[in-house]
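Structural features, examined
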Amino acid sequence: MRACLSMARLAVAAACLWAGAGSLHARPADPPRTASDLVALADRALAQGKVGPALVMYGDVVSQVPRYAPARAGLRRALARLGSPRRAEGVLRYFLAENPTREAALLAAWQTLDRVAPFRVSATAALLPSTNVDRVASERYLVTGYGTFRIRDGGQQKSGMGAAFGVNLDWYIHPRPGHRFRLSAMLSGAWFSRAHLRFAEPGVSVGYEHLRGRAPWSAQIYLRRRAYDGTEGDVTGDRLTLGAGFVKTWRVKRGDRVTLRLSSEYQRFSEQPYFSGPRHHIGLDRSQPVGKTGRLSYGISLDRARPAKDYHRYTGIAISAGYERRLMKGLRGGIWIALGEQRYDAPFPLVGVRRHDRIASIGISAQLTRVRIWGQKPRLYCGVRRNRSNVALYTTRSIDCSMSLTVDF
């Protein structure tokens, strides 16, 4: 699970930057002609608490005279006013998207931030209540051409509570404004009362981000190793995953984004080799503002999995849509829905038909924006999920929730 930033908080901070930059342009006086004049003006703005104008002015000087010490020192002071490095990065990313005309200044500020705080640590924790914690089939019997068989634990869903955790250590290298590299080490996992559901998953990744222009993009390669607890006799999903991902975002207009996501990975299962093989994903989604506080998002995705056994290979398609807005002071809420379908390549053993799954889910989200736990805002997600399959083993239903919190150090 990755670290995330509150969009509402970023919007407020970015709005301050936007207003500050606008006020800077609106000055009737002639602009300063020297770097020292502009730094002096930025110093006065920062002393008055006008972080936005100061940040832009310092960044303008650093982008033109990178070694000018007073501007670099002032830029570091302005960035410190934005809070933690991850929050400062979120503000810079948001403002760069909304006001690309100040790209040079903002990229200079971003490079300075990465050089001042190249190492970042974040941790995520979540409670995971579920009405079907074991993910057992909701059907009791499997009907085949050879007879009817009782599904083990079929129809005996059990409620339970799990806990998930994640820790990330990131090292950023920013050699030129707008070109940054990220080296990451992470550890994620989950704990449940049943041993075969517990796992730990360490991993490493190397990524590159191209921040310039109206269509920034990023790419990464990663390696992860998941190991389950289990007890003697359990067949667990222990696996090694090697993959690569690519993300590109187009800025349609203010607050309106279209994002393309590509990923391809190979998974090798140690105890279930019939699941080993490549998996590919492509997704396209759009997020745009609606009204003063609302945001609408929707998208489509395609998946292709080619494990060793042909009856486990499938092609999938899914569509989703969600809407989030401020409901009242201190509360943001949202609703989302997703529909998907998976068709498999070959007949399932004993049943004699190709497996065909239809997945539907609907859920709500909430965030108490005035509540702080270690300085962060907790989030709540709850959803109902139904997977209907023509192979009864895979028909499931559940209500799952996640109460999560992310903390940056």
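My aim in this report is to walk through the structure given alongside it, one point at a time. Everything numeric here is computed off the predicted structure, so don't read it as measured data. (Residues numbered from 1 in each chain as written. Predicted model: local features only at pLDDT ≥ 70, side-chain atom pairs only at ≥ 80, totals over all residues. Heavy atoms only, no water.)

1. With respect to the overall build of the chain
In terms of helices and strands, the chain carries six helices and 16 strands. Judged by the C-alpha coordinates and their principal axes, the chain covers about 90 × 40 × 35 Å. A total of 409 residues make up the chain; the buried ones form 44% of that total. Within the chain, counting contacts between residues at least 6 apart in sequence, those at least 24 apart form 57% of the total. Here the chain has roughly 21,600 Å² of accessible surface; of this, 60% comes from carbon and sulfur atoms. Where the 64 positive side-chain charges of the chain centre and where its 30 negative ones centre are 6 Å apart. (Helix = DSSP H or I, 4+ residues; strand = E, 2+ residues; numbered from the N terminus. Buried < 20%, exposed > 50% of the residue type's maximum accessible area, 1.4 Å probe, protein only. Contact = heavy atoms within 4.5 Å. Areas by Shrake-Rupley, 256 points an atom, 1.4 Å probe, with all protein chains shown as cover. Lys, Arg positive; Asp, Glu negative; His and termini not counted. Charge placed at Lys NZ, Arg CZ, Asp CG, Glu CD.)

2. Comments concerning the packing of helix H2 (residues 35-47) against helix H3 (residues 51-64)
Interhelical geometry of H2 versus H3 gives an angle of 160 degrees and a closest axis separation of 8 Å. When the axes of H2 and H3 are compared, the pair comes out roughly antiparallel. The handedness of the crossing between H2 and H3 comes out as left-handed. Along its contact with H2, which presents Ala35, Leu38, Val39, Leu41, Ala42, Asp43, Ala45 and Leu46, the element H3 presents Val51, Pro53, Ala54, Met57, Tyr58, Asp60 and Val61. Of the residues in the contact of H2 with H3, the class split is 13 nonpolar, no polar and two charged. (Axes fitted to C-alpha atoms, helices over the stretch in contact; angles between N-to-C directions. Parallel < 35°, antiparallel > 145°, perpendicular 65-115°, else oblique. Left-handed = near helix turned anticlockwise from the far one by under 90°. Nonpolar A, V, L, I, M, F, W, Y, C, P; charged D, E, K, R; others polar.)

3. Structural notes on the environment of Pro177
Relative to the assigned elements, Pro177 resides in the loop between strand S4 (160-176) and strand S5 (179-191). With relative accessibility at 27%, the residue Pro177 sits in the partly exposed group. Taking C-alpha positions, Pro177 is 5.7 Å from Ala108, a pair spaced 69 residues apart along the chain.

4. A short note on a positive patch on the surface
A grouping of Arg325, Arg326, Lys329 and Arg370 is seen on the molecular surface, where their side chains present a positively charged patch. Topologically, Arg325 is positioned in strand S12 (residues 314-328). (Patch = residues over 30% accessible without salt bridge, like charges linked within 9 Å, V, L, I, M, F, W, Y side chains within 5 Å. Salt bridge = Lys/Arg side-chain N within 4 Å of Asp/Glu carboxyl O.)

5. Observations concerning the side chain of Thr112
With respect to the helices and strands, the residue Thr112 is situated in helix H6 (residues 103-116). Thr112 sits in the buried class, given a relative accessible area of 5%. Apart from the residues lying within four places of it in its own chain, the contact partners of Thr112 are Leu75, Arg76 and Leu79.

6. A closer look at the pairing of strand S3 (residues 147-150)
Where strand S2 (residues 141-144) lies against S3, four bridges are found, and the strand directions are antiparallel. Looking at the pairing, Thr144 lines up with Gly147 of S3. Hairpin remark: S2 followed by S3, antiparallel, with two residues in the connecting loop. (Pairing = 2+ DSSP bridges.)

7. A closer look at the pattern of salt bridges
As enumerated under the stated definition, the model contains 26 salt bridges in all. Arg261 is the partner of Asp285 in a salt bridge, and the nearest nitrogen-oxygen pair spans 3.4 Å. In this pair, Asp285 sits in strand S10 (residues 277-290) while Arg261 sits in strand S9 (residues 256-269), placing the two residues 24 residues apart along the sequence. A residue is classified by how much of its surface remains accessible, and Arg261, at 38% relative accessible area, is partly exposed. Linked through salt bridges whose partners overlap, the residues forming this network are Glu89, Arg93, Asp114, Arg120, Arg180, Arg182 and Glu209.

8. Here's the deal with H6
Along its 14 residues, H6 runs 20 Å from first to last C-alpha, staying within 8% of the 20 Å computed at 1.5 Å per residue. The buried fraction of H6 amounts to 11 of the 14 residues, a majority that puts the element mostly inside the structure. Considered for burial, the residues of H6 that qualify are Glu103, Ala105, Leu106, Leu107, Ala108, Ala109, Trp110, Gln111, Thr112, Leu113 and Asp114. Residues of H6 that are buried sit in contact with H3, helix H4 (69-81), helix H5 (85-98), strand S1 (119-130), S4 and S5. (Expected span 1.5 Å × (residues − 1).)

9. Focus on the pairing of S4
The two faces of the sheet receive side chains in turn, since in a regular strand these alternate between them. Pairing analysis gives 12 bridges linking S1 to S4, with the strands arranged antiparallel. Bridge pairing in S4 places Val121 opposite Leu169. By the bridge criterion, 12 bridges tie S4 to S5 in an arrangement that is antiparallel. Within S5, the position partnered with Tyr172 by the bridge is Arg182. Count of turn residues in the S4/S5 antiparallel hairpin: two residues, of which Gly178 carries a positive phi of about 90 degrees.

10. Overview of unusual backbone geometry
Residue Arg135 is not a glycine yet carries a positive backbone phi of 55 degrees. Positive phi values are uncommon outside glycine, yet Asp153 reaches one of about 65 degrees. By the element assignment, Asp153 lies in the loop between S3 and S4. Assessed through its relative accessible area of 38%, Asp153 is described here as partly exposed.

11. Looking at the nonpolar core
Leu55, Tyr58, Leu75, Leu79, Leu82 and Leu92 are the most contacted members of the largest nonpolar core, which totals 31 residues. Put simply, the parts of the chain that give this core at least two residues each are H2, H3, H4, H5 and H6. Broken down by element, this core gets its largest block of residues, eight residues, from H3. Those residues in contact with Tyr58, other than ones at most four positions away along the chain, are Val39, Ala42, Asp43, Leu46, Ala71, Gly74, Leu75, Arg77 and Ala78. With nine residues, the next largest nonpolar core counts Leu142, Val351, Val391 and Ala392 among its residues. (Core = buried A, V, L, I, M, F, W, Y, C linked by side-chain atoms within 4.5 Å.)

12. Quick notes on the packing of aromatic side chains
Tallying each qualifying case throughout the model produces 10 aromatic pairs. Here Phe119 and Trp171 contribute two aromatic rings whose centre-to-centre distance is 5.6 Å and whose plane-to-plane angle is 15 degrees, an arrangement assigned as stacked. Residue Phe119 is found in strand S1, and its partner Trp171 is found in strand S4; the two are separated by 52 residues along the sequence. Residue class for Phe119 comes out exposed when judged on its relative accessible area of 54%. Residue classification places Trp171 among the partly exposed positions, given a relative accessible area of 35%. Among the aromatic residues, those joined into a ring-pair cluster are Phe181, Tyr208, Trp217 and Phe246. Against the face of Phe199 rests Arg226, its NZ or CZ located 3.9 Å from the ring centre. (Phe/Tyr/Trp six-rings, centres within 6.5 Å; stacked < 30°, edge-to-face > 60°. Lys NZ or Arg CZ within 6 Å of the ring centre and 35° of its normal.)

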